[in-house]
Amino acid sequence: MRRTSKLTRVAVGVASIALAATACGGTSSDSDSGSDGSGDTKGLAIAYDIGGKGDQSFNDAAYAGLQKAQKEFGYKTADIEPTEGETDADKEQRLASLAKQGYNPVIGVGFAYGPAMEAVAKKYPKTTFGIVDSVVEGENVASLVFAEQEASYLAGVAAAKATKSNIVGFVGGVDVPLIHKFEAGYKQGVQDTNPKVKVLSQYLTQTAEEGGFSSPDKGKAAAEGQIEKGSDVEYAAAGLSGQGVIEAASKAKVWAIGVDSDQFKQAALANYKNSILTSALKDVGGAVYTLAKSVEDGKPLTGVQTFDLKVNGVGLSESNPEFAKIAGLSDAVAKAKEGIIDGSIKVKTE
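Procedures and definitions
- Residues numbered from 1 in each chain as written.
- Predicted model: local features only at pLDDT ≥ 70, side-chain atom pairs only at ≥ 80, totals over all residues.
- Heavy atoms only, no water.
- Pairing = 2+ DSSP bridges.
- Helix = DSSP H or I, 4+ residues; strand = E, 2+ residues; numbered from the N terminus.
- Axes fitted to C-alpha atoms, helices over the stretch in contact; angles between N-to-C directions.
- Contact = heavy atoms within 4.5 Å.
- Buried < 20%, exposed > 50% of the residue type's maximum accessible area, 1.4 Å probe, protein only.
- Arc of directions from axis to C-beta.

### Brief notes about the sheet that holds strand β11 (residues 255-260)
Link 1 in the chain: The six strands are arranged β9-β8-β10-β11-β12-β14 in an open sheet whose pairing can be described as mixed. Strand pairing shows two members of the sheet lacking a second neighbour, β9 (198-205) and β14 (314-316), which therefore form its edges. Direction aside, the axes of adjacent strands within the sheet are offset by 15 degrees on average.
Link 2 in the chain: For strand β8 (residues 167-174) and β9, the ladder comprises seven bridges, and the chain directions are parallel. Each bridged residue has a counterpart across the sheet, and for V174 the counterpart in β9 is T205.
Link 3 in the chain: Sitting on the sheet, helix α4 (residues 148-162) touches β8, β10 (233-237), β11, β12 (276-282) and β14, and the angle it makes with β14 is about 10 degrees.
Link 4 in the chain: Here helix α5 (residues 177-193) sits on the sheet and contacts β8, β9, β10, β11 and β12; the angle it forms with β8, its principal contact strand, is near 170 degrees.

Here it is in structure tokens:
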């Protein structure tokens, strides 16, 4: 009989990814992984979303979680890149291959893995699967979801406090419900802070296959267009494409707001770091590590696992020293964070 899973929040540390799993939901009924017969101890495997490793954002955050698990548990791990123009069948084959080889857990990084995850999890009931940014039903599946709208609200507060033109921009990678959450929270944070500020919004593509999450040139062009219209703060929720937004902001000497990881600290963005005011954080690495630890402890998580502001699953970075120099910014963000946590501020998702 299946153990009933509850919607739970697992405490995570956004900044360090060093976290302790607290309230855990259901557990898989059988935590033994598959095996390829090699005798090797195999642990966490992740399959990347579009953009792959090196995006300085979403996928790299997942990789940080894998690295932490590998170091702590001392087992063999795997991380697999996506291919251009791949189908659900390709994703299904990738996940099945990892499970067949004996990796446990196997995590699909991104909502695009939903259909493949649902199919494969049924075929490998002894393997724990995880999916980031989507909910997939299954006895042995953990759905790792985030309150992106809450971090984006804080980013909106920062944008409203930092703007001098009263025009700020939002660039979404793909026009899908997940990215709508980023936009909705950002707009609400801006308007609640200063109703006089106008938000310019643009989505790069309608589908991920068109490169919305993997085309810095598209991000750069979109940001340049908004900057020409007066925007002096640019926030992108666009994966690898966000690098183009940051580059455009730096060139125009306006502020950029990063996403998912603390992009002020990313080595690949060092040339633009002084233009990155803050980043809306999403502890994908912490979630990945949490699932790996639960499997290692013999109590694999299943069901929906929600990472929100209350448990530091999302947040806002303050790494750039300029953040503290903007009048009223730190206090406004702290007050907004308190309001979201105590429920006095209800953040929209659309």
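### Considerations on helix α3 (residues 114-123)
Link 1 in the chain: Within the span of α3, buried status applies to G114, A116, M117, V120 and A121. End-on, the buried residues of α3 take up no more than an arc of 150 degrees, which puts them together on one face. Structural note: α3 exposes K122 and K123 on the side pointing more than 90 degrees away from its buried face.
Link 2 in the chain: Here the buried face of α3 lies against α2 (88-100), β5 (106-109), β6 (129-132) and β7 (141-146).

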